[in-house]
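# Structural features, examined
Listed below are the residues making up each chain.
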Amino acid sequence: QVQLVESGGGLVQAGGSLRLSCATRKVIYRIGTMGWYRQAPGKQRELVADISSGGRTNYVDSVKGRFTISRDNPTNTVYLQMSSLKSEDTAIYYCYRKDPITSQTFWGQGTQVTVSS
């Protein structure tokens, strides 16, 4: 059962920007950490950024200074603002949330981001 719905992916030129959104399908009162992974063709899935329920953020080094993760707790939505995009950012981006009680991880279906050089 898909619990997370992503939107905002697409095709953009290098140097451009995109904003990804991820919302839960239903109201969840204990969201826990939310974030984004990505998987490029032929590569392993990697953590891009995450944000705790208290707002603490974490980024992979390759996106620091270019990407910003944020969340809106009342609507259970997490955002990833991506700027100064590079061709190496091309990947499928997956939203996730981690239940703070059970540690179970839930995934979205993924959204394609393609950066043309």
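Not measured: the values here are computed from a predicted model.

### Digging into the side chain of Thr111
Structurally, Thr111 can be placed in strand β11 (residues 111-116). When sequence neighbours within four positions are dropped, the list of residues in contact with Thr111 reads Glu6, Gly9, Leu20, Ala91, Ile92 and Tyr93.

### Comments concerning the sheet that holds strand β1 (residues 4-7)
Think of a sheet as strands paired side by side through backbone hydrogen bonds, with each pair either parallel or antiparallel. The sheet built from four strands is open, its strands ordered β1-β3-β8-β7 with antiparallel pairing. Looking at strand neighbours, the two that pair on one side only are β1 and β7 (67-72), the edges of this open sheet. Across the sheet, the axes of successive neighbouring strands diverge by a mean angle of 15 degrees, strand direction being ignored. Here six bridges tie β7 to strand β8 (residues 77-82), and the two strands are oriented antiparallel to one another. Among the inter-strand pairings, Phe67 is bridged to a residue of β8, identified as Met82.

### Examining the state of the cysteines
Covalently bonding the sulfur atom of one cysteine to the sulfur atom of another cysteine gives a disulfide. What the rule picks out here adds up to one disulfide. Cys22 shares a disulfide with Cys95; S-S distance 1.9 Å. Classification of the bridge connecting Cys22 and Cys95 rests on its S-S torsion, roughly -80 degrees, and on that basis the disulfide is left-handed. In this pair, Cys22 sits in strand β3 (residues 18-24) while Cys95 sits in strand β9 (residues 91-98), placing the two residues 73 residues apart along the sequence. Across the pair, exposure class does not vary: Cys22 and Cys95 are buried alike.

Procedures and definitions
Residues numbered from 1 in each chain as written. Predicted model: local features only at pLDDT ≥ 70, side-chain atom pairs only at ≥ 80, totals over all residues. Heavy atoms only, no water. Helix = DSSP H or I, 4+ residues; strand = E, 2+ residues; numbered from the N terminus. Contact = heavy atoms within 4.5 Å. Pairing = 2+ DSSP bridges. Axes fitted to C-alpha atoms, helices over the stretch in contact; angles between N-to-C directions. Disulfide = S-S within 2.5 Å. Buried < 20%, exposed > 50% of the residue type's maximum accessible area, 1.4 Å probe, protein only.

Taken by themselves, the reported measurements are silent on function.
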